[in-house]
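Descriptive structure summary
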Amino acid sequence: MPPTLTLHPLHRADGSATHTTPLFTILAAANGPLEVSRRDELPEEAAIEVNVRPCSGVGGPRERWMEGVITSLLKSLVLVNMYPRTLVQVTLQVTKEPGMGGLKRAVKDVALLAGLGNAAFAALVDAGVALGGTMVVGLGVAREGEVVVEPGEKELLGCGSVHAVAWGMRGEMLMAESAGRFGVEEWEGVAGRLRGDAMGAIKNDEEDGDDVMDGEVGQKEPWLRQALGESVRDAGAWRETG
Amino acid sequence: MANGTTASSGLSFPRETFAKLTPGPYLHAHLKQPSSIRPNGRQLDEHRIPTVNAGSLTHSNGSAVVRCGDTAIVCGVRAEILLASDLPHPPPDDLDDDDLVEHLGILVPNVELSTGCSPAHLPGNPPGPLAQSLTYRILALLHSSDIIDPNDLRIKHLEANTDEDLPDEGPRQVTKAYWVLYIDILAIALDGNAIDTAWTATMAAFQNTILPKAHWDQDREMIVCSPRLAEATGLRLRDMPVASTSAIFTTASPLKSGDQAESWVLADPDGFEEDVCAETLTVVLVSRRDGTKSLLRVEKSGGAVVTTDLLARYYQYWVTSEAHSALA
């Protein structure tokens, strides 16, 4: 089941999105470009601030680490040079997470990163911040030599390793976070599989998928392209009626 | 010039000024030479050799100072007793042994950078995002690597049978308390690559950690530790993971076309290189006693240079390199 993406659930933020997978629901809000405090101001580019709010309680070291990872991911995606001396602010609130029941924290955290990345990206698109391209963060687990993409709680429980990999539209790897015990071939297998799925999610329907990895079978529907395309159509609907 | 240094010609300035004014082009000017020597004199794949001084803190159960170039990190391990009766959520009986440490939270790392270790971290300030994320990364590594046998952290007691029990059963072994290990990591000096050095310091301190022999005193109803050093046992580590970080310097930019972009992978970056490079790659490798090697963690973010092939090549190089055997 592909992730569900709802754009613009919040009306006061510049851009917002809800991203739902079998594991997590994340509400993201993006604002920018904003005025930046003098301490964070960069003379040639926009500063990016990411705030992660956990499902319950206040954030701690774990959230600071996630914020750091998502910030550097967004920094490589947003065209920061277009907005010098400003701030792009992304707030990510986890609204649903799987129950703790025996799930290793490190595994759960890597799984959450995938959702945070996708939600932040969708919110930035909705906010109209200039981006260098499209990206998808895929999540996969390896258990006994078998790869499961977009795992549910059950698959996550007994997995040997978990991998969150962000792929850009030109097939470049923007982020990779893996935890568990795994070999390098296993890692390459999961990353390759996630790449195929990411390319599938942003594939253009009209074109023949030649640039998509050869020999990739069982392509997923281009869920990201559909979700973004719908929002563009909705935004331009007034032209038709007027 | 008045201070006696040789006067430089009109439009040139010394290399320190060049590095301060435009760090990016300064690093690029070094790397684009055919031999690619980094400003600090190292080769691209050359790590700084760490020096380890174990057991330097006398009042902790285990400690180590690791120095890696101009990065120096001290790690102290302090063991405290947690009574099982004090646990708000006792571990369920069916809990896997490997999950016990995480369930109880009996490994508590804390990274402190506000010691005046570098100009970027003001002394006396609360832990910043970098210190907090280092703490988290060390904790996550400790949990996912399972290097400590939970049985080493249990204080057990043979409980004699009471009348209510079946008469034919022998004495039961119950866990009366747990050792909690507080792992305090302080940066004395920081010149890049904090995670590798902090992790090495943690491992070295663990190897040096000694837990006194403790037993449950039935009459006094408390844990009593033996003061005799001969009875104390060292903490056994199942294996010894090694963390290795690289920074990636690239000339690629959304302002330029991507064709002419060049990139270099710099192993074990120092503070100057870390400031200039946006993309970093951290790999944690572990080799088991039987010789099988596996990865525990891959962390990469900040750019688009690292590809799957690069990681595989990096891994191959690393498996074969002597640096690993020297560390392990």
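Reading the values: the criteria
- Residues numbered from 1 in each chain as written.
- Chains lettered and ligands numbered in written order.
- Predicted model: local features only at pLDDT ≥ 70, side-chain atom pairs only at ≥ 80, totals over all residues.
- Heavy atoms only, no water.
- Helix = DSSP H or I, 4+ residues; strand = E, 2+ residues; numbered from the N terminus.
- Rg over C-alpha atoms; globule rule 2.2 N^0.38 Å.
- Buried < 20%, exposed > 50% of the residue type's maximum accessible area, 1.4 Å probe, protein only.
- Contact = heavy atoms within 4.5 Å.
- Axes fitted to C-alpha atoms, helices over the stretch in contact; angles between N-to-C directions.
- Parallel < 35°, antiparallel > 145°, perpendicular 65-115°, else oblique.
- Left-handed = near helix turned anticlockwise from the far one by under 90°.
- Nonpolar A, V, L, I, M, F, W, Y, C, P; charged D, E, K, R; others polar.
- Expected span 1.5 Å × (residues − 1).
- Arc of directions from axis to C-beta.
- Domains from an automatic or database assignment.
- Salt bridge = Lys/Arg side-chain N within 4 Å of Asp/Glu carboxyl O.
- Polar contact = N/O pair within 3.5 Å; in protein donor to acceptor, adjacent residues only side chain to side chain.
- Pairing = 2+ DSSP bridges.

Observations concerning the overall build of chain B
A count of helices and strands for chain B gives eight helices and 14 strands. Relative to its length of 328 residues, chain B is extended, with a C-alpha radius of gyration of 25 Å against a globular reference of 20 Å. Oriented by its inertia axes, the alpha-carbon framework of chain B measures out at about 95 × 50 × 35 Å. A total of 328 residues make up chain B; the buried ones form 45% of that total. Counting contacts in chain B only where the partners sit at least 6 residues apart, residues at least 24 apart contribute 65% of the total.

Thoughts on the packing of helix 4 (residues 129-145) of chain B against helix 5 (residues 194-207) of chain B
All names here are of chain B. Packing of helix 4 against helix 5 leaves a shortest axis separation of 11 Å and a crossing angle of 50°. The orientation of helix 4 with respect to helix 5, classified from their angle, is oblique. Of the two elements, helix 4 crosses helix 5, and the hand of that crossing is right-handed. On helix 5, the residues that touch Leu-134, Arg-137, Ile-138, Leu-141, Leu-142 and Ser-145 of helix 4 are Ala-194, Ile-195, Ala-198, Trp-199, Thr-202, Met-203 and Phe-206. Of the residues assigned to the contact of helix 4 with helix 5, the class counts are 10 nonpolar, two polar and one charged.

Here we look at helix 5 (residues 223-235) of chain A
Residues separated by three or four positions in an α-helix point in the same direction, a consequence of the helix having 3.6 residues per turn. All names here are of chain A. Between its terminal C-alpha atoms helix 5 stretches 18 Å, which fits the 18 Å expected from 13 residues at 1.5 Å a residue. All of the buried residues along helix 5 are Trp-223, Leu-224, Ala-227 and Leu-228. Down the axis of helix 5, the smallest arc covering the buried residues is 130°, so these residues share one side. Exposed side chains of helix 5 directed beyond 90 degrees from the buried face belong to Val-232 and Arg-233. If you follow the buried residues of helix 5, they end up packed against strand 1 (4-7), strand 2 (15-20), helix 2 (105-127), strand 6 (135-143) and helix 4 (184-201).

Some remarks on the domain arrangement of chain B
Residue and element names in this part refer to chain B. According to the domain assignment, chain B contains domain 1 (55-234) and domain 2 (242-327). Between domain 1 and domain 2, the C-alpha centre-to-centre distance is 30 Å. With 13 residues of domain 1 at the interface, the matching set in domain 2 holds 16 residues. Here domain 1 is connected to domain 2 by one salt bridge. Salt-bridge contacts for Arg-137 lead to Glu-299; the nearest nitrogen and oxygen are separated by 3.3 Å. For the pair domain 1 and domain 2, the number of links is six residue pairs in polar contact (both at pLDDT 80 or more). Where the side of domain 1 that touches domain 2 is concerned, the elements lending two or more residues are helix 4 and helix 5. In terms of residues, the side of domain 1 that touches domain 2 owes the most to one element, helix 4, which gives five residues. Broken down by class, the residue content of the side of domain 1 that touches domain 2 amounts to five nonpolar, five polar and three charged.

Considerations on the sheet that holds strand 4 (residues 47-53) of chain A
Strands in a sheet are paired, the pairing made by backbone hydrogen bonds, and the direction either parallel or antiparallel. All names here are of chain A. If you walk across this open sheet you meet the five strands as 1-2-3-5-4, and the pairing is mixed. At either end of the open sheet lies a strand with only one pairing partner, and these are strand 1 and strand 4. The average angle at which neighbouring strand axes cross in this sheet is 15°, direction not considered. One ladder, built from six bridges, connects strand 2 with strand 3 (residues 25-34); its direction is antiparallel. Residue pairing across strands places Ser-16 opposite Ala-29, the latter belonging to strand 3. Helix 5 rests against strand 1 and strand 2 of the sheet, and its axis sits at about 20° to strand 1.

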